[in-house]
2 protein chains.
Amino acid sequence: MNIPSKILENAVDALSSLPGVGKRSALRYALHLLQSTEMEVEDFIMAIGKLKTDIHYCSRCHCISDTPVCEICSNPKRQQNIICVVENIQDVMAIENTQQYHGLYHVLGGVISPIDGIGINDINIASLIERLKTEEITELILALPTTMEGDTTNFYISKQLQQFPDILVSAIARGIAIGDNLEYADEITLGRSITNRVPFNTIRG
Amino acid sequence: MNIPSKILENAVDALSSLPGVGKRSALRYALHLLQSTEMEVEDFIMAIGKLKTDIHYCSRCHCISDTPVCEICSNPKRQQNIICVVENIQDVMAIENTQQYHGLYHVLGGVISPIDGIGINDINIASLIERLKTEEITELILALPTTMEGDTTNFYISKQLQQFPDILVSAIARGIAIGDNLEYADEITLGRSITNRVPFNTIRG
């Protein structure tokens, strides 16, 4: 693709750095911005710039927040004795959308991944242990991804939890998705869903 | 979708103003930018900001350009006697990509559209007529879209061209796309491609 201007090309390069955006879409976005008014572009830039300069993270659960303590942590209606451990903010938003969970969160901000140079001190594990010491927590739900890194992190956290024998540690249920056909499920998921079968009368809709 | 921060929400709104970007993709972009370094975000913002502040248009053909006269207009190897009239910069880039055209362009920056309040003075028609008066042009190729607005613009331009009887006016060929099946072509295109059939021995590959 021949772009007749270096400035336009730079904007296309910047926009195509966004996840899943190719050169062609980036060009479409850049030309759209080029045809917008100066004020619209300024607003666009400001909204994005503020992401880095103005955004705060909750001092308790490390979720994104405009206040020092986030809305979930400071909501007295939430169950203050359950913490769900997740990898990132997207996971909090996904669980919140289900409206099935009313406890607190703890955002690790990543999972242990030696290959990417992410160790136990690069993610929010120390502050999780600190919370378990100071808050009255009765259950910890592990909702990390089922990858090698997620499993490693689960394992490390469960090791640390041995000092809190009173805290129940659970993990979110994995299995065949609601509405999925068994014949199309992958073997590992189907195998695990049989191994980890649950008593029928304990299932809640 | 519940976004836990007003600042993040503003960024998502800004990004979803891009053409074809929904809330979900915009959130993905915003979280990507949030996880980028401060310098990366600054570079991103600067590249987009420069679109409005630093970009110039060629004084001759109104195409986007970093120099007062664009690379195409100032290239002595291009045929200086043919002008191809297009709606916008994307069209110039599309034709340039074919490498089949070696003349000049004239970017109207839109087409006449009374319903959108775009009249003859809102697009670069006057400067086109001015060019025809001062430059030695022998052919004008109309490559505007086949919409009511494009046809109106074509008609208006062709009227203006009556004062230049020596200039040949042509339009890009419309017909069945190379490789397309006749049975799937729409009636108008197929009908026109029969009405406007060309002598077989004049076809160039």
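What counts and what doesn't
- Residues numbered from 1 in each chain as written.
- Chains lettered and ligands numbered in written order.
- Predicted model: local features only at pLDDT ≥ 70, side-chain atom pairs only at ≥ 80, totals over all residues.
- Heavy atoms only, no water.
- Least-squares fit on C-alpha atoms with pLDDT ≥ 70 in both.
- Contact = heavy atoms within 4.5 Å.
- Helix = DSSP H or I, 4+ residues; strand = E, 2+ residues; numbered from the N terminus.
- Expected span 1.5 Å × (residues − 1).
- Buried < 20%, exposed > 50% of the residue type's maximum accessible area, 1.4 Å probe, protein only.
- Arc of directions from axis to C-beta.
- Pairing = 2+ DSSP bridges.
- Axes fitted to C-alpha atoms, helices over the stretch in contact; angles between N-to-C directions.

*Asks:* Kindly report on the relation of the copies chain A and chain B, identifying the contributing residues and their values.
*Replies:* Here chain A sits on chain B after a turn of 180 degrees about the axis and a move of 0.0 Å along it, with an RMSD of 0.1 Å. Both copies of the chain, as the preceding transformation shows, are related through a two-fold rotation axis. For chain A, the residue whose C-alpha comes nearest the rotation axis is Ile45 of chain A, separated from it by 2.9 Å. Taken as a fraction of all interface residues of chain A, those also at the interface in chain B reach 100%, which identifies the copy contact as same-surface.

*Asks:* Describe helix α6 (residues 148-160) of chain B, naming the residues involved and giving the relevant values.
*Replies:* Residue and element names in this part refer to chain B. Over its 13 residues, α6 runs 18 Å from end to end, which matches the ideal 18 Å to within 8%, given 1.5 Å per residue. All buried positions along α6 are accounted for by Gly150, Thr153, Asn154 and Ile157. Buried positions in α6, seen along its axis, are confined to an arc of 105 degrees and lie on one side of it. Away from its buried face, by an angle of more than 90 degrees, α6 presents the exposed residues Met148 and Phe155. Tucked inside the fold, the buried residues of α6 contact β3 (82-86), α5 (126-134) and β5 (139-142).

*Asks:* Account for the sheet that holds strand β5 (residues 139-142) of chain A, naming residues and giving values.
*Replies:* Hydrogen bonds along the backbone pair up the strands of a sheet, which may run parallel or antiparallel. Residues and elements named next belong to chain A. Within the open sheet, the four strands sit side by side as β4-β3-β5-β6. Their pairing is parallel. Strand pairing shows two members of the sheet lacking a second neighbour, β4 (104-107) and β6 (168-171), which therefore form its edges. Across the sheet, the mean angle from the axis of one strand to that of its neighbour is 25 degrees, orientation sign disregarded. In terms of strand pairing, β5 meets β6 through four bridges, oriented parallel. By the bridge assignment for β6, Ile141 is matched with Ser170.

*Asks:* Tell me what's going on with the sheet that holds β3 of chain B, and back it up with residues and numbers.
*Replies:* Residue and element names in this part refer to chain B. A sheet is described by the order of its strands in space; here four strands give the open sequence β4-β3-β5-β6, paired in parallel fashion. Single-partner strands in this sheet number two, and they are β4 (104-107) and β6 (168-171). Looking at each pair of strands side by side, their axes are set apart by 25 degrees on average, direction ignored. Sitting on the sheet, helix α4 (residues 89-98) touches β3 and β4, and the angle it makes with β4 is about 160 degrees. Against the sheet, α5 engages β3, β4 and β5, with an angle of about 150 degrees to β4.

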